[in-house]
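Spelled out, the chains give:
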Amino acid sequence: MAIRCLIVDDNPRFAQTAREVLQEDGIDVLALAGGGEEAVRFARELRPDLALVDIDLGRESGLDVAFRLRAEDPEALVGAVILVSTHAEEEFAELIAASPAVGFLAKAELSADAIETLLGRPAQGQAE
Amino acid sequence: MGARVRRWKAYPVATAAVAFVTSGAAFAAMAVAVPLRGETVLVVLWCVLCACAVGVAAWRFGSVFGVPFAIVAALAIDSFYIAPYRSFDSQNWVNYPVTAMYIAIGVFVGAILDVTRLRAAASETARSELAEEQAALRRVATLIAEGAPPVEVFAAVARETRNLVGADRARIIRLEPDGTASLAGGTADDDGPRPLGLIEPGLATAEVLRTGRTVRIDDYSGVPPELVTRWIGADASSPSAVASPVIVAGSLWGTVVASSLDGRLPDDTERRMAEFTELLAIAIANASSRAELAASRARLVVAGDQARRRFERNLHDGVQQRLVSLALRLRRIERRLPGEQSELRASLSETVQELNAATDEVREIAQGIHPAILTQGGLAPALRTLALRSSMPVDVLVEPEERLPEPVEVAAYYVAAEALTNAAKHAGASRASVTLERQDGLLRLSVRDDGLGGADPSTGSGLTGIRDRVEALGGSLAVTSPRGEGTVLEVALPVAAGADGPKASG
C-alpha cells in the first residue's frame with residue numbers, strides 16, 4: 001500500500017525532482033502545492049497520508065502551513081506532516097519540535113526510506 | 001511694556017500740548033474756585049487738595065502732567081491765598097503771559113522727566129527680556145550639547161517660547177515638502193510628533209506662509225472647529241495665536257506658534273516671538289539636521305539588512321535548490337544503475353557526497369549572511385538556536401516571545417551573535433548567558449561571559465559595528481569588561497515608536 005503524499009514547496013524545480021524521486025521509490029505523489037492556500041485545498045480534496053512541507057515557503061512559513069494541515073487532530077486534513085528544508089535541522093530544531101510535524105528531512109536526504117522511518121513504517125527495501 | 005515704549009516715541013508735541021492746556025485750565029479753575037483769602041485753616045486744606053491733584057496727575061499721566069500741576073497749584077496758592085504779599089491782579093495783562101510761561105516751563109520739565117523715566121523703564125524691560133531670552137537659549141543649547149534627542153529639543157524650544165511670551169501653549173510646526181505640516185514638538189502633554197495635515201487658510205501658519213513674517217490671529221471664528229482642535233487644542237474656547245517663521249538655511253523650515261486658549265495674547269507677543277524665533281532657528285536647524293542624520297543612519301542599517309536578507313533568499317531559492325535537486329537526480333541515476341556497474345556507482349556516490357558538501361557550505365554562508373530562523377521564528381527561537389550552536393554552554397533567558405519590528409530583531413540578534421563569538425574566540429569564556437526583556441518601550445538585551453574581560457568597544461571592530469547599528473536605531477550600548485572578571489554587554493533598543501527609524505521626529 002503506497003503512501004499517498006502531497007508536496008508543498010514554492011520551488012517548482014525541487015518539487016518536480018522530489019516527485020520523480022519519490023514516485024520511483026513507490027510513493028504516490030498526489031499533487032504539488034506552491035503555497036499554504038493551495039496545500040489546504042488539495043489536502044481537503046485528496047486527503048493524503050502525508051504532506052512534505054518546505055519550512056521556507058517564501059512569503060509564508062511552512063510551519064504555519066503545517067499547523068493548518070494538522071490543525072485539529074481528529075479532523076486533520078493530512079495523516080502526517082514532515083517538514084523539509086535546504087536548511088539544516090539544527091537551524092530550526094526548536095520550531096520543528098514545537099510544530100505538529102512528525103519530523104524533519106533535509107531536502108538532500110529525501111527518500112522513501114527516510115520518510116518511512118520517520119512515519120514509523122517498516123522500510124519496504126526499495127532499491128539499495 | 002511695549003505700549004509704553006511706543007508712547008514715548010510718539011511723544012513730545014501732542015502730550016505736552018495736552019499737559020499745557022490741562023494745567024492752564026486747572027489754574028483758571030483754582031483761581032475761580034477760591035472765594036477766601038488769608039484764612040489759615042482753609043489755605044492748609046486747599047494745599048492738601050492741590051498736593052493730591054498733583055500726585056494723581058503725576059501717577060496717572062506721568063510727570064509731564066505732574067510738574068505743571070504742581071506749578072499751577074503753587075501759583076494759585078501764591079496768587080490767591082498768600083495775600084497781602086502777592087496777588088494775581090486780573091486787571092494787569094502781564095500776569096497772564098507770566099502764568100502761561102510758568103506752566104510752559106512746568107510742561108517742559110515734566111516732559112524731560114517723563115522721557116527720561118520712560119527710557120529708563122524701557123531699557124530695564126529690554127534688559128530683563130534679553131536676560132530671559134539668553135537664559136532660555138542657554139537651556140536649549142545645553143540640551144543640544146547633551147545630545148538630547150530632537151523630539152526633546154523641540155519640546156524644550158516650545159516650552160521656552162511659551163514661558164517667554166506668557167502664552168498658554170506653544171508648538172513647533174514643520175512644513176513638509178508635500179504642502180502639509182507636521183508637529184515637531186509642543187508644550188501640551190500629547191504634543192508628540194505627528195502629521196497635522198494640510199495648512200488650511202485662516203490658520204496662523206498659513207498666514208506666515210503667505211506673508212513670510214510674524215503674524216497674529218485673534219479671530220478663529222471662520223476656522224472649522226476640528227481644525228482649531230487639531231492645530232491649537234481641543235480645550236481652546238476663544239483662541240488667539242501668534243506665529244513666527246523659522247528660517248533655516250535661507251528657506252522657511254516651519255513656524256513657532258504661541259497660543260492663548262481663551263482671550264487675546266498680549267500686544268508685544270509678535271515682537272518677542274519674532275526676536276526669539278530668529279535666535280531659535282539655529283537650535284531648530286541643529287535638531288532637525290540631527291534628526292535627519294539619525295533617520296538616514298537608520299535607513300542605511302535597514303537597507304543593509306534588507307540587502308543581506310535578499311542575498312540570503314536568492315542563495316536559498318536559486319543555488320541551494322538547484323544543488324539539492326541535482327543531488328537528488330544523481331542519486332536517482334545511481335539507483336537505476338545495474339548491479340554490475342559497481343565502479344561507476346561508487347564514483348557517482350562520491351560525486352553526490354561532494355555535491356552535498358558543497359550544499360552545506362552554501363548553507364553555512366547563507367546562514368552567516370542572514371539567519372533564516374530569525375525570519376521564520378523571530379528573536380527568541382533565533383537566540384536559543386544561536387546558543388545551541390555556540391561552542392560553550394549558553395543560558396538563554398528570553399522574556400518576550402512576541403515578534404518585534406524586524407530592524408530591532410536583527411540588531412539584537414547580531415549583538416548577541418557578536419558577543420558570543422567574542423566570548424568564545426577572544427575571551428576564552430567557559431560559560432555565557434543571554435537575557436532579553438522588554439521594559440517601558442525598550443528591548444533590553446544583556447550578554448555576560450566568564451572570560452578574560454578587557455574588551456574595549458572603541459578598538460574592537462566587531463563591537464564598533466554593533467555600537468553603530470544599535471545607535472542608528474536610537475539605542476544604546478554599554479560594555480563592562482574589567483580585566484579578569486568577564487564581560488557584560490548591555491543593549492537597550494527602543495521598540496514602540498522609533499522601531500522603523502526615528503522618522504517621526506524628522
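One structure accompanies this document, and this report is about it.

Rules of the game
Residues numbered from 1 in each chain as written. Chains lettered and ligands numbered in written order. Predicted model: local features only at pLDDT ≥ 70, side-chain atom pairs only at ≥ 80, totals over all residues. Heavy atoms only, no water. Helix = DSSP H or I, 4+ residues; strand = E, 2+ residues; numbered from the N terminus. Buried < 20%, exposed > 50% of the residue type's maximum accessible area, 1.4 Å probe, protein only. Contact = heavy atoms within 4.5 Å. Areas by Shrake-Rupley, 256 points an atom, 1.4 Å probe, with all protein chains shown as cover. Buried area = accessible area lost by both parts, 1.4 Å probe. Salt bridge = Lys/Arg side-chain N within 4 Å of Asp/Glu carboxyl O. Polar contact = N/O pair within 3.5 Å; in protein donor to acceptor, adjacent residues only side chain to side chain. Core = buried A, V, L, I, M, F, W, Y, C linked by side-chain atoms within 4.5 Å. Phe/Tyr/Trp six-rings, centres within 6.5 Å; stacked < 30°, edge-to-face > 60°. Lys NZ or Arg CZ within 6 Å of the ring centre and 35° of its normal. Expected span 1.5 Å × (residues − 1). Bend = angle between axes of the 7 residues up to and from the residue. Axes fitted to C-alpha atoms, helices over the stretch in contact; angles between N-to-C directions. Parallel < 35°, antiparallel > 145°, perpendicular 65-115°, else oblique. Left-handed = near helix turned anticlockwise from the far one by under 90°. Nonpolar A, V, L, I, M, F, W, Y, C, P; charged D, E, K, R; others polar. Pairing = 2+ DSSP bridges. 1 Å grid on protein atoms, 1.4 Å probe; cavity = no way out; pocket = protein on both sides within 12 Å on 5 of 7 lines; lining within 4 Å. Points joined across faces, edges and corners; volume = space filled by probe spheres on them.

**Digging into the overall build of chain B**
Link 1 in the chain: Scanning chain B for helices and strands turns up 14 helices and eleven strands.
Link 2 in the chain: Relative to its 506 residues, chain B shows a buried fraction of 46%.
Link 3 in the chain: Long-range pairs, those at least 24 residues apart, make up 66% of the contacts in chain B between residues at least 6 apart in sequence.
Link 4 in the chain: As displayed, chain B offers around 25600 Å² of accessible surface, 59% of which is attributable to carbon and sulfur atoms.

**Comments concerning the overall build of chain A**
Link 1 in the chain: Broken down by element type, chain A carries five helices and seven strands.
Link 2 in the chain: Counting helices and strands in the order they occur from the N terminus, chain A gives β-α-β-α-β-β-β-α-β-α-β-α.
Link 3 in the chain: For chain A, buried positions account for 53% of its 128 residues.
Link 4 in the chain: Partitioning the contacts of chain A with sequence separation of at least 6, the portion at a separation of at least 24 is 60%.
Link 5 in the chain: For chain A, the accessible surface area stands at approximately 5400 Å², while carbon and sulfur atoms represent 48% of it.

**Overview of the interface of chain B and chain A**
Link 1 in the chain: In this assembly, 26 residues from chain B lie in contact with 31 residues from chain A.
Link 2 in the chain: Summing both sides of the interface, chain B and chain A together bury roughly 2800 Å²; the carbon and sulfur share of this comes to 49%.
Link 3 in the chain: Looking at the side of chain B facing chain A, the largest losses of area belong to Leu328(B), Arg335(B) and Gln376(B), adding up to 24% of the total buried there.
Link 4 in the chain: In this structure, Arg336(B) and Glu24(A) form a salt bridge, with 2.7 Å as the shortest nitrogen-oxygen distance.
Link 5 in the chain: Linking chain B to chain A there are 13 residue pairs in polar contact (both at pLDDT 80 or more).
Link 6 in the chain: If you tally residues by element for the side of chain B that touches chain A, the top one is helix H9 (residues 269-336) of chain B, at 15 residues.

**Examining the nonpolar core**
Link 1 in the chain: Ranked by internal contacts, the top residues of the largest apolar core, which has 66 residues, are Leu69(A), Leu83(A), Leu383(B) and Leu445(B).
Link 2 in the chain: It is helix H13 (residues 406-425) of chain B that provides the largest number of residues to this core, a total of twelve residues.
Link 3 in the chain: Leu69(A) has contacts with Ala39(A), Val40(A), Ala43(A), Ala51(A), Val53(A), Ala76(A), Leu77(A), Val78(A) and Val81(A), leaving out every residue within four places of it along the chain.
Link 4 in the chain: One finds Ile144(B), Ala158(B), Val165(B) and Ala184(B) within the second-largest nonpolar core, a separate group that totals 30 residues.

**Quick look at the environment of Glu38(A)**
All names here are of chain A.
Link 1 in the chain: Checked against the element boundaries, Glu-38 lands in helix H2 (residues 36-46).
Link 2 in the chain: Since its relative accessible area comes to 29%, Glu-38 is described here as partly exposed.
Link 3 in the chain: Discounting residues that sit within four places of it in the chain, Glu-38 has contacts with Leu-32 and Ala-33.

**Structural notes on the side chain of Asp9(A)**
Residue and element names in this part refer to chain A.
Link 1 in the chain: For Asp-9, the position within the fold is in the loop between strand E1 (4-8) and helix H1 (12-24).
Link 2 in the chain: Using a relative accessible area of 3% as the deciding quantity, one classes Asp-9 as buried.
Link 3 in the chain: At 2.7 Å, the side chain of Asp-9 forms a polar contact with the backbone nitrogen of Asn-11.

**A short note on the packing of aromatic side chains**
Link 1 in the chain: Counted by the stated rule, this structure contains two aromatic pairs over all chains.
Link 2 in the chain: Between Tyr413(B) and Tyr414(B) the ring centres are 5.9 Å apart and the planes differ by 75°, which places this aromatic pair in the edge-to-face class.
Link 3 in the chain: Overall, the relative accessible area of 15% leaves Tyr414(B) in the buried class.
Link 4 in the chain: Against the face of Phe42(A) rests Arg41(A), its NZ or CZ located 5.9 Å from the ring centre.
Link 5 in the chain: Directly above the aromatic system of Phe14(A) lies the positively charged group of Lys107(A), at a separation of 4.4 Å from the ring centroid.

**Describing H9(B)**
Link 1 in the chain: Here H9(B) contains 68 residues, and its C-alpha end-to-end distance of 93 Å stays within 8% of the 100 Å for a straight helix at 1.5 Å per residue.
Link 2 in the chain: By the largest-angle criterion, Leu280(B) marks the main kink of H9(B), which is about 40°.

**Quick look at the packing of H1(A) against H9(B)**
Link 1 in the chain: It is the contact of H1(A) with H9(B), at a shortest axis distance of 9 Å, that shows an interaxial angle of 20°. Judged by the angle between their axes, H1(A) and H9(B) are roughly parallel. The hand of the H1(A)/H9(B) crossing is left-handed. Contacts between H1(A) and H9(B) involve Arg13(A), Phe14(A), Thr17(A), Ala18(A), Glu20(A), Val21(A) and Glu24(A) on the former and, on the latter, Gln321(B), Arg322(B), Val324(B), Ser325(B), Leu328(B), Arg329(B), Arg332(B), Arg335(B) and Arg336(B).
Link 2 in the chain: For the contact of H1(A) with H9(B), the residue count by class is five nonpolar, three polar and eight charged.

**Quick word on the sheet that holds strand E10 (residues 476-480) of chain B**
Residue and element names in this part refer to chain B.
Link 1 in the chain: Strand order across the open sheet formed by five strands is E7-E8-E9-E11-E10, with mixed pairing between neighbours. Both outer strands of the open sheet, strand E7 (394-398) and E10, are each paired with one neighbouring strand and no more. Averaged over all pairs of adjacent strands, the angle between their axes in this sheet comes to 10°, without regard to strand direction.
Link 2 in the chain: Relative to strand E8 (residues 432-439), E7 is paired through five bridges, and the arrangement is parallel. Looking at E8, one finds that Asp-395 is bridged to Ser-433.
Link 3 in the chain: Sitting on the sheet, helix H12 (residues 379-389) is in contact with E7, E8 and strand E9 (442-449), with an inclination near 170° to E7.
Link 4 in the chain: Across the sheet, H13 lies against E7, E8, E9 and strand E11 (487-494), angled at about 10° from E9, the strand it touches most.

**Re the side chain of Asn356(B)**
Link 1 in the chain: By secondary structure assignment, the location of Asn356(B) is in helix H10 (residues 342-369).
Link 2 in the chain: Assessed through its relative accessible area of 17%, Asn356(B) is described here as buried.

**Section: the pattern of salt bridges**
Residues and elements named next belong to chain B.
Link 1 in the chain: All chains considered together, the criterion is met by 38 salt bridges over all chains.
Link 2 in the chain: One salt bridge connects Glu-129 with Arg-271, and the closest N-O pair in it is separated by 2.9 Å. Of the two residues, Glu-129 sits in helix H5 (residues 95-145) while Arg-271 sits in helix H9, which places them 142 residues apart along the sequence.
Link 3 in the chain: For Glu-129, a relative accessible area of 8% translates into the label buried.
Link 4 in the chain: The class for Arg-271 is partly exposed, based on a relative accessible area of 34%.
Link 5 in the chain: Between Asp-191 and Arg-171 there is a salt bridge, and its shortest N-O distance comes to 2.8 Å. Pair noted here: Asp-191 is in the loop between strand E2 (180-186) and strand E3 (194-198) and Arg-171 is in strand E1 (residues 169-175), with a separation of 20 residues, a long-range link. Each member of the pair Asp-191 and Arg-171 is classed as buried.

**A word on unusual backbone geometry**
Glycine aside, residues mostly have negative phi angles, and peptide bonds mostly take the trans form.
Link 1 in the chain: The phi torsion at Arg47(A) lies on the positive side, around 45°, for a residue other than glycine.
Link 2 in the chain: Along the polypeptide, Arg47(A) turns up in the loop between H2 and strand E3 (50-54).
Link 3 in the chain: Phi is positive for Asp440(B), close to 50°, though the residue is something other than glycine.
Link 4 in the chain: Its place among the elements puts Asp440(B) in the loop between E8 and E9.
Link 5 in the chain: Taking the relative accessible area as the measure of exposure, Asp440(B) reaches 76% and is therefore exposed.

**A closer look at empty space enclosed by the protein**
Link 1 in the chain: Scanning the entire structure with this criterion turns up two cavities of 30 Å³ or more.
Link 2 in the chain: Here the largest cavity is characterised by a volume of approximately 60 Å³.
Link 3 in the chain: The wall of the largest cavity is formed by Ile173(B), Leu203(B), Ala204(B), Thr205(B), Tyr220(B), Trp231(B), Ile232(B) and Val257(B).
Link 4 in the chain: Here the lining of the largest cavity is built from residues that sort into seven nonpolar, one polar and no charged.
Link 5 in the chain: When its volume is computed, the second largest cavity comes out at roughly 30 Å³.
Link 6 in the chain: Forming the boundary of the second largest cavity are Glu91(A), Gln367(B), Ile373(B), Ala382(B), Thr385(B), Leu386(B), Arg389(B) and Tyr413(B).
Link 7 in the chain: When residues of the lining of the second largest cavity are assigned to their parent elements, the largest contribution, four residues, is made by H12(B).

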